[in-house]
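Letter by letter, the chains look like this.
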Amino acid sequence: MAQMMFKKQSGYIINIWGESMVYKALTIAGSDSGGGAGIQADVKTFHQLHVFGMSAITAVTAQNTLGVQGVYPLPVEAVEKQIDSIATDLPPDAIKTGMLFSEEIIECVAYKMKQHRWTRVVVDPVMIAKGGSPLLKQEAVEALQRHMLPLAYVLTPNIPEAEVLTNMQIDTLEHRKEAAKKLHDMGVRYVVMKGGHGEGNELVDLLYDGEQFYEWKSKRVHTKHTHGTGCTFAAAITAQLAKGKTIYEAVDVAKRFIQAAIEQTLQIGGGHGPTNHWAFHE
Ligand SMILES: Nc1ncnc2c1ncn2[C@@H]1O[C@H](COP(=O)(O)OP(=O)(O)O)[C@@H](O)[C@H]1O
Ligand SMILES: Cc1ncc(COP(=O)(O)O)c(N)n1
């Protein structure tokens, strides 16, 4: 009985041979000192979804709910070493990338993912923080298109990021679908285009699998506390993929996770506050 309770509370599965089956996910992204976005949002989301979270930090940002006060990229060697340390001892079941910042870091991450034969990769093409600070150098966009898109099992652009990656203006749902097709043609397996930047009271997130479109509609929460929504949403997809779920199941959980996290925000900080990573329960 005591053992049963432990299993339930610990959040991981014990198989019939008594071995622990811990699902592991890795995020390769920037650190947000304020804890609402980046690595911190990813690891909190993995944890809440009962997946063991690991990180390879690409850049340290001095950041809070008011904005980004500083960006300090790590040397490429430091990124490479973190990834190798994880790969050689704790092979991840799924990987997410977030803020990659420079061409050199993108090339390093792409090389390492190929070397370690990582295929369950969610690429969140982070470009600009909500307050407008650049998290990707402008000259690195081409490297992102060339090196990361073909490695992306899932790509999760918001509308402005999809516009930059496809070089087209997106105003309507039809435009979004056209852009998703373009991104699929650029090598992405599943395109998940987030609808937070759309108009109106209803949000539409779109999934394109190369054949069909699937839509997730939700009610827009009228709040300024949306810091880290994109990171959290993509991290929830990654956690579900780590557990072996399909992309359709993964987006379904991610959508419910982010809706709860935005509806029950924590009301902390003087600016755009973080979402609530405790709100959703499987
Ligand atoms: N105000 C909101 N109310 C409800 N859901 C939202 C809101 N803003 C964003 N979302 C959801 O959060 C996720 C991230 O969306 P988005 O804001 O487009 O990305 P990003 O944070 O990368 O800019 C999507 O699933 C989107 O539908
Ligand atoms: C280190 C880091 N990575 C990503 C974001 C984007 O945040 P959002 O999820 O709100 O687009 C951020 N503000 N900081």
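What you are looking at is a predicted structure, and each value in this text was computed from that prediction instead of being measured. (Residues numbered from 1 in each chain as written. Chains lettered and ligands numbered in written order. Predicted model: local features only at pLDDT ≥ 70, side-chain atom pairs only at ≥ 80, totals over all residues. Heavy atoms only, no water.)

1. Section: the pairing of strand S9 (residues 190-193)
The side chains of a regular strand alternate, first on one face of the sheet and then on the other. Alternating residues of S9 divide into Tyr 190 and Val 192 and Val 191 and Met 193, and every residue in both groups is buried. Sheet topology note: the strand S8 (residues 154-155)/S9 ladder contains two bridges and is parallel. Directly across from Leu 155, in S9, lies its bridge partner Val 191. (Buried < 20%, exposed > 50% of the residue type's maximum accessible area, 1.4 Å probe, protein only. Helix = DSSP H or I, 4+ residues; strand = E, 2+ residues; numbered from the N terminus. Pairing = 2+ DSSP bridges.)

2. As for the site of ligand 2
With respect to spatial proximity, 15 residues lie near ligand 2, and among them Gln 63, Lys 130, Gly 228, Gly 230 and Cys 231 are the closest. In the model, a nitrogen atom of ligand 2 is placed 2.8 Å from a nitrogen or oxygen of the Gln 63 side chain. Side-chain polar atom of Lys 130 to an oxygen atom of ligand 2: 3.0 Å apart, as the coordinates give it. A total of 370 Å² of accessible area belongs to ligand 2 in isolation, and the protein chains cover 95% of it. Every element with two or more residues in the shell around ligand 2 is listed here: strand S3 (24-32) and helix H8 (229-242). The element best represented in the shell around ligand 2 is H8, accounting for three residues. Partitioned by chemical class, the residues of the shell around ligand 2 number six nonpolar, eight polar and one charged. (Near = heavy atom within 4 Å. Polar contact = N/O pair within 3.5 Å; in protein donor to acceptor, adjacent residues only side chain to side chain. Areas by Shrake-Rupley, 256 points an atom, 1.4 Å probe, with all protein chains shown as cover. Nonpolar A, V, L, I, M, F, W, Y, C, P; charged D, E, K, R; others polar.)

3. Here we look at the environment of Lys 219
With respect to the secondary-structure elements, Lys 219 resides in strand S11 (residues 213-219). What makes Lys 219 exposed here is its relative accessible area of 58%. Residues Lys 219 and Glu 202 lie 17 residues apart in sequence; the distance between their C-alpha atoms is 4.9 Å. In this structure, Lys 219 is in contact with Asn 201, Leu 203 and Gln 259, ignoring residues within four places of it in sequence. (Contact = heavy atoms within 4.5 Å.)

4. Concerning the confidence of the model for the chain
A low pLDDT means the predicted coordinates there should not be read in detail. Per-residue pLDDT for the chain averages 94, and the proportion of residues at 70 or more is 96%. Contacts of residues 1-6 to residues separated by more than four positions or lying in other chains number one contact, the stretch itself having pLDDT below 50. Scored by ipTM, the complex comes to 0.98, with pTM at 0.96. (pLDDT = per-residue confidence, 0-100.)

5. Points about the UniProt feature "domain: Pyridoxamine kinase/Phosphomethylpyrimidine kinase" (unreviewed entry) in the chain
UniProt's feature table lists "domain: Pyridoxamine kinase/Phosphomethylpyrimidine kinase" (unreviewed entry) at residues 32-276, given in the numbering used throughout. With 40% helix and 20% strand, residues 32-276 has end C-alpha atoms that lie 15 Å from one another. (UniProt positions renumbered as here; feature names shortened; annotations may be inferred.)

6. Thoughts on the state of the cysteines
For the coordinates displayed, the defined rule picks out zero disulfides. Cysteine Cys 108 remains unbridged, with the sulfur of Cys 231 as its closest cysteine sulfur at 20 Å. Residue class for Cys 108 comes out buried when judged on its relative accessible area of 8%. Assessed through its relative accessible area of 14%, Cys 231 is described here as buried. (Disulfide = S-S within 2.5 Å.)

7. Describing the nonpolar core
Grouped together as the largest cluster of nonpolar side chains are 43 residues, with contacts concentrated most on Val 109 and Met 148. Among the elements that take part in this core, helix H4 (residues 103-115) stands out by supplying six residues, more than any other. Beyond its immediate sequence surroundings of up to four residues, Met 148 is in contact with Thr 97, Leu 100, Ile 106, Val 109, Ala 110, Met 113, Val 123 and Ala 143. (Core = buried A, V, L, I, M, F, W, Y, C linked by side-chain atoms within 4.5 Å.)

8. Description of the site of ligand 1
The full set close to ligand 1 counts 17 residues, and Lys 194, His 197, Asp 205, Thr 229 and Lys 255 are the nearest of them. In the model, an oxygen atom of ligand 1 is placed 2.9 Å from a nitrogen or oxygen of the Asn 158 side chain. Alone, ligand 1 offers 550 Å² of accessible surface; in the complex the protein occludes 94% of this. Where the shell around ligand 1 is concerned, the elements lending two or more residues are strand S10 (202-208), H8 and helix H9 (247-263). For the shell around ligand 1, the leading source of residues is H9, giving four residues.

9. Side note on the packing of aromatic side chains
One pass over the full model with this rule turns up five aromatic pairs. With a centroid separation of 6.3 Å and 80 degrees between ring planes, the pair formed by Tyr 190 and Tyr 248 is classed as edge-to-face. Placement of Tyr 190 in strand S9 and of Tyr 248 in helix H9 is noted, with a sequence separation of 58 residues between them. Judged by its relative accessible area of 30%, Tyr 248 is partly exposed. The ring of Tyr 190 has Arg 189 lying over it, and the distance from NZ or CZ to the ring centre is 4.3 Å. (Phe/Tyr/Trp six-rings, centres within 6.5 Å; stacked < 30°, edge-to-face > 60°. Lys NZ or Arg CZ within 6 Å of the ring centre and 35° of its normal.)

10. With respect to the environment of Arg 189
In this structure, Arg 189 sits in the loop between helix H7 (173-185) and S9. Between the C-alpha atom of Arg 189 and that of Gly 210, which follows or precedes it by 21 residues, the distance is 7.3 Å. If we ignore the near neighbours within four places in the chain, the residues touching Arg 189 are Ala 152, Tyr 153, His 184, Tyr 208 and Asp 209. From its side chain, Arg 189 meets the backbone oxygen of Asp 209 in a polar contact 3.1 Å long.

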